[in-house]
Amino acid sequence: MTRRIGQPDTQADLDLRACLDERPPHSFVMVAGAGSGKTTSLVKALDHLGQTRRKELKTHGQRIACITYTEVAVNEIWGDVGNDPLFHVSTIHSFLWSVVRPFQSDLKIWVIARIHEKIAEAQEHHDKPRTRAATRVQLLAEIARYQSHLQTIEDQTHFKYGAGSDFGRGVLGHSDVIAAAVKLIDQSQLLRDIIASRYPVLFVDESQDTRPEIVAALRGIAETTSVEFSLGFFGDPMQKIYADGAGVIDAPDDWRRITKPENFRCPQRVLGVVNAVRQLGDGLVQTRGRMMSVDGVQVPLEGSARIFLLAVDEDRSAKIAKVRKWMRLTNHDERWESGDRAADVRALVVVHRMAATRLGFPNLYAALNDRAPSSIKEGLKDGTSWPLKPFLAYLLPLANAVRNNQGFEVMSLLRAECHQLSSAGLAGGNAPDIFRALQTSTEEIARLVLSGDVTFLDVLLFASRNGLMLLDESWTKYLEADPATLAADDDPEVPAVTAFLNCRIGELGAYHHYLEDLSPYATQQGVKGAEFERVLVIIDDAEGQGQRLFSYEKYFGIAPLSDTDDENIAAGLDNVIDRTRRLFYVCCSRATRDLAVVMFVHNIAVAKACVERSELFAPESIVDDAFLEATLSLSESSGTSRWS
Ligand SMILES: Nc1ncnc2c1ncn2[C@@H]1O[C@H](COP(=O)(O)OP(=O)(O)OP(=O)(O)O)[C@@H](O)[C@H]1O
């Protein structure tokens, strides 16, 4: 029995089961706060459907669909239901793609229409009297590129799904997959019926961040199909962190509404902060909190929740290390300083760049993010950007396999990528000579990749010149064209790819570590749905300047609001304060034991007054730079044994 399925039933679980057992079935929304067990209820409901309807579903070739926000969440839910093929658990993108992929000719029509739309948008921008001459030149180049896509697409019979759209290569990126699917679902009753017949029950977790047009398209299925279909949304509007999320789900009157008043995740101290943060949002107050068993009796876990106010300076990493040490000593908990995954310490940053800087891949990050087109930028988040692929999928694993003397792994990587080892390659030369040469080249490539001093370009050139891989034609101009020709190229990918190729390969390992979720860093947005024993929320408005959506200094009243902020608030629009509050709520509510918020500020006295005024943390839980330093040096001079 898994952890989630094994949790005791709440009233909400009973209500949900009753709703699913009704005939005809009802659709529903489950709305409740953080840690209230929404995902747990979802998993238990899947389990219930498996127990009560498996035979009937299998007979009709049907499955239960469950959509959630990240791959991590997909794997968790899928694992919770024992990887049972009765359930189709996926992200919204891959769900929608699986639904529309068979309709290739409709997709082609959609793509052609989309390119015409882009041409019209670019033309309109071009024709505006105030458009600058340089921009006009760029727009004309863009239009020419779209027109060439229109020609290539004539011969395209198959469209793929990738991280970012690249119509010229027949690739639809995340947002275009959604736009195309929504359109196709909207315009076809047949497709709506197919979806309902294939998936008679469809759950959407984290519904607050599902885009309104997707919610509307799914609602459209429930409202128009004559097939038995139940749609259920599980979410919390206070945890909406993406601007394009639906927030509150607009459910028709005849849908069931289910709620859960408890928070099962957070200890008392953290629950106090979480409730206080929410007070100025929608005012929801959660009850209970995490329990622990003492001599067989369930008692509330106290936990800890503190905020550290530290001066902005050059060495924030050293200060974060001090906070971890302080937490270790104060809480008598060695794990606060441990780098071990099992210690369950998570440092949450606002933007990936902060993690990139701390972990050692700032240049790689900047190259593929700043000024990069979305086809590249989007894929940086999950390692699917095409320039990264040969390094992540082949050269880095090859180098690691060589270093670890994993001969079998080396051979299977070479067999997959190295043309010389194909039957044609071996037939054209002397096999022992080929193997000898390859051994020397693989050793050299491992040295280059792992030494870290050369550039990505050097590594790629070495690999292709020594027959370790055949590069696809996207690389040709980067390896062959002279710098002046490349600089004059109007392909929007050129600046990003060129900058990337000039980065030191040494940054690849750190990036890979982050990507594989092996570092303690994660973004504040990326951890929704997750929970950790020890949560370190890093707030650094100065370092997070690249984004304008969130500002903790404004949230705490340390920095003034801009005119636009005031206008948005006055007009009742989503604004920086609401967005930051929601993000802060998500972060703080991840902690199952300790919460340490670390805030880097320019003026500690001002920040302290503002944080005190917010009443989010008890006064004794506000720790400033001076107190941190003083107590640490006291511990050093007196020895840690006297700390307590
Ligand atoms: N009925 C229950 N009794 C005890 N613990 C529970 C119960 N339901 C859930 N939990 C525990 O509470 C924690 C939070 O559950 P879950 O992740 O399902 O909440 P959630 O509402 O989806 O959270 P969030 O919206 O914050 O992501 C988990 O550790 C889970 O095991």
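Residues numbered from 1 in each chain as written. Predicted model: local features only at pLDDT ≥ 70, side-chain atom pairs only at ≥ 80, totals over all residues. Heavy atoms only, no water.

S.K.: Before we go on, may I ask you to explain the overall build of the chain in this structure?
M.R.: Broken down by element type, the chain carries 28 helices and 18 strands. In terms of overall dimensions, the chain has a C-alpha envelope of 75 × 75 × 65 Å along the principal axes. Here the chain holds 644 residues, and the buried ones make up 51% of them. Partitioning the intrachain contacts of the chain with sequence separation of at least 6 by distance along the chain shows that 73% fall at a separation of at least 24. Carbon and sulfur atoms make up 52% of the accessible area of the chain, which amounts to about 29,500 Å² in all. Taking the average place of the 71 positive charges on the side chains of the chain and the average place of its 87 negative ones, the gap between the two points comes to 2 Å. (Helix = DSSP H or I, 4+ residues; strand = E, 2+ residues; numbered from the N terminus. Buried < 20%, exposed > 50% of the residue type's maximum accessible area, 1.4 Å probe, protein only. Contact = heavy atoms within 4.5 Å. Areas by Shrake-Rupley, 256 points an atom, 1.4 Å probe, with all protein chains shown as cover. Lys, Arg positive; Asp, Glu negative; His and termini not counted. Charge placed at Lys NZ, Arg CZ, Asp CG, Glu CD.)

S.K.: Quick question: what am I supposed to make of the site of the ligand here?
M.R.: In the vicinity of the ligand there are 19 residues, among which Lys38, Thr39, Thr40, Arg265 and Glu531 approach most closely. Here Thr40 contributes a side-chain N or O atom positioned 2.5 Å from an oxygen atom of the ligand. Contact distances for the ligand include 2.7 Å between an oxygen atom and a side-chain N or O atom of Glu531. When the ligand sits alone it has 640 Å² of accessible area, and the protein chains cover 93% of it. (Near = heavy atom within 4 Å. Polar contact = N/O pair within 3.5 Å; in protein donor to acceptor, adjacent residues only side chain to side chain.)

S.K.: Is there a simple way to explain the side chain of Thr225 in this structure?
M.R.: With respect to the helices and strands, the residue Thr225 is situated in the loop between helix H9 (212-224) and strand S7 (230-235). Here Asp193 takes part through its side chain, which lies 2.7 Å from a polar atom of the side chain of Thr225. A distance of 3.1 Å separates the side chain of Thr225 from the backbone nitrogen of Val227, its partner in a polar contact. Not counting chain neighbours up to four residues away, the residues in contact with Thr225 comprise Gln189, Asp193 and Ala196.

S.K.: When you look at the UniProt feature "binding site: ATP" (unreviewed entry) in the chain in this model, what are you seeing that I'm missing?
M.R.: Under the local residue numbering, the UniProt record ascribes the feature "binding site: ATP" (unreviewed entry) to Ala32, Gly33, Ala34, Gly35, Ser36, Gly37, Lys38 and Thr39. Locating Gly35 in the fold gives a position in the loop between strand S1 (28-32) and helix H2 (38-59). For Gly35, a relative accessible area of 11% gives the class buried. Beyond its immediate sequence surroundings of up to four residues, Gly35 is in contact with Glu262, Asn263, Phe264 and Arg265. Classification of Gly37 by relative accessible area gives buried; the value is 15%. Residues in contact with Gly37, not counting those within four places in the same chain, are Lys260 and Phe264. (UniProt positions renumbered as here; feature names shortened; annotations may be inferred.)

S.K.: It is not clear to me how the state of the cysteines should be interpreted in this structure. Could you clarify?
M.R.: Throughout this description, disulfide means a covalent bond between two cysteine sulfur atoms. Counted by the stated rule, this structure contains zero disulfides. Here Cys610 stays unpaired: no disulfide links it, and the sulfur of Cys588, its closest cysteine neighbor, is 17 Å away. (Disulfide = S-S within 2.5 Å.)

S.K.: Before we go on, may I ask you to explain helix H15 (residues 389-403) in this structure?
M.R.: Helical geometry: 3.6 residues make up each α-helical turn, so side chains three or four residues apart lie on a common side. The end-to-end C-alpha distance of H15, which contains 15 residues, comes to 20 Å, matching closely the 21 Å that a straight helix rising 1.5 Å per residue would cover. Along its length, H15 shows its largest kink, about 30°, at Leu395, and proline Pro397 lies within four residues downstream of that point. When we look at burial in H15, the residues that qualify are Pro390, Phe391, Leu392, Tyr394, Leu395, Leu396, Leu398, Ala399, Ala401 and Val402. On its buried side, H15 packs onto helix H16 (407-417), helix H18 (431-451), helix H19 (456-465), helix H22 (494-501) and helix H23 (507-515). Positive backbone phi, at 55°, marks Asn405, one or two positions downstream of H15. (Expected span 1.5 Å × (residues − 1). Bend = angle between axes of the 7 residues up to and from the residue.)

S.K.: Please clarify how the packing of helix H13 (residues 362-369) against helix H14 (residues 374-382) should be interpreted in this entry.
M.R.: When two helices pack together, their arrangement is given by the angle between the helix axes and by the axis-to-axis distance. Between H13 and H14, the shortest axis-to-axis distance is 8 Å and the interhelical angle comes to 145°. Contacts between H13 and H14 involve Leu364, Tyr365, Leu368 and Asn369 from the former and Ile376, Lys377 and Leu380 from the latter. The class makeup of the residues in the contact of H13 with H14 is five nonpolar, one polar and one charged. (Axes fitted to C-alpha atoms, helices over the stretch in contact; angles between N-to-C directions. Nonpolar A, V, L, I, M, F, W, Y, C, P; charged D, E, K, R; others polar.)

S.K.: Got a minute to help me understand the packing of aromatic side chains in this structure?
M.R.: Here the distance between the centres and the angle between the planes together describe a pair of aromatic rings. Counted under the stated rule, the structure contains 21 aromatic pairs. Relative to Phe203, the ring of Phe28 lies with its centre 5.8 Å away and its plane at 75°, an arrangement referred to as edge-to-face. Within this pair, whereas Phe28 is found in strand S1, its partner Phe203 is found in strand S6 (residues 201-204), the two being separated by 175 residues in sequence. Take Phe28: its relative accessible area is 0%, and that puts it in the buried class. Here Tyr555 and Phe556 contribute two aromatic rings whose centre-to-centre distance is 5.1 Å and whose plane-to-plane angle is 70°, an arrangement assigned as edge-to-face. (Phe/Tyr/Trp six-rings, centres within 6.5 Å; stacked < 30°, edge-to-face > 60°.)

S.K.: Would you explain the pairing of strand S11 (residues 291-294) in this entry?
M.R.: For a regular strand, side-chain orientation follows a simple rule: the groups alternate between the two sheet faces. As paired elements, S11 and strand S12 (residues 297-300) share four bridges and run antiparallel to each other. Considered in S12, the bridge of Ser293 is made with Gln298. What sits between S11 and S12 in their antiparallel hairpin is a turn of two residues, with Asp295 showing a positive phi close to 50°. (Pairing = 2+ DSSP bridges.)

S.K.: Can you walk me through the side chain of Thr10 in this structure?
M.R.: With respect to the helices and strands, Thr10 occurs in the segment before helix H1 (11-21). Apart from residues no more than four positions distant in its own chain, Thr10 is found in contact with Lys260, Glu262 and Phe264.

S.K.: Explain the sheet that holds strand S8 (residues 256-260) here, please?
M.R.: Sheets are built from strands paired through backbone hydrogen bonds, the pairs being either parallel or antiparallel. Strand order in this open sheet of six strands is S3-S2-S6-S7-S1-S8, and the pairing throughout is parallel. Of all strands in the sheet, those with a lone pairing partner are strand S3 (87-91) and S8, marking the two edges. Sheet twist, expressed as the average angle between the axes of neighbouring strands with direction ignored, equals 15°. With four bridges joining them, S1 and S7 adopt parallel strand pairing. Looking at the pairing, Val29 lines up with Phe233 of S7. The strands that H1 touches are S1, S6, S7 and S8; relative to S8, the one it contacts most, it runs at about 160°. Sheet contacts for H9: S6 and S7; angle to S7, the most-contacted strand, approximately 150°.

S.K.: Which parts of the structure should I look at to understand the pairing of strand S13 (residues 304-311)?
M.R.: With seven of eight residues buried, S13 is to be regarded as a mostly interior element. Note: S13 against strand S17 (residues 591-601), eight bridges, orientation parallel. Residue pairing in the sheet places Ala311 in a bridge with Val601 of S17. Note: S13 against strand S18 (residues 622-624), three bridges, orientation parallel. The partner of Leu309 across the bridge, within S18, is Asp624.

S.K.: Explain the nonpolar core to me, please; I cannot follow it from the model alone.
M.R.: In terms of nonpolar packing, the biggest core is built from 124 residues, with Phe308, Phe391, Phe500, Tyr552, Phe556, Phe584 and Leu595 touching the most fellow members. Beyond its immediate stretch of four places on either side in the chain, Tyr552 contacts Val350, Gln524, Ile539, Asp541, Thr580, Leu583, Phe584, Cys587 and Met599. Core analysis: the second largest hydrophobic core is formed by 47 residues, Val29, Leu172, Phe233 and Ala251 among them. (Core = buried A, V, L, I, M, F, W, Y, C linked by side-chain atoms within 4.5 Å.)

S.K.: Can you help me understand the environment of Arg257 in this one?
M.R.: Considering the arrangement of structural elements, one finds Arg257 in strand S8. Separated by 3.5 Å, the side chain of Arg257 and the backbone oxygen of Pro252 make a polar contact.

S.K.: Hey, could you run me through unusual backbone geometry in this one?
M.R.: Glycine aside, residues mostly have negative phi, and peptide bonds are mostly found in the trans state. Between Arg23 and Pro24 the backbone carries a cis peptide bond, its omega angle lying at -10°. Here Pro24 is to be found in the loop between H1 and S1. Despite not being glycine, Arg288 shows a phi value in the positive range, around 75°. With respect to the secondary-structure elements, Arg288 resides in strand S10 (residues 287-288). Judged by relative accessible area, Arg288 falls into the partly exposed class, the value being 37%. Phi at Glu615 is positive, roughly 55°, even though this residue is not glycine. Note that Glu615 resides in the loop between helix H27 (604-614) and S18. According to the relative accessible area criterion, Glu615 is exposed, its value standing at 63%.

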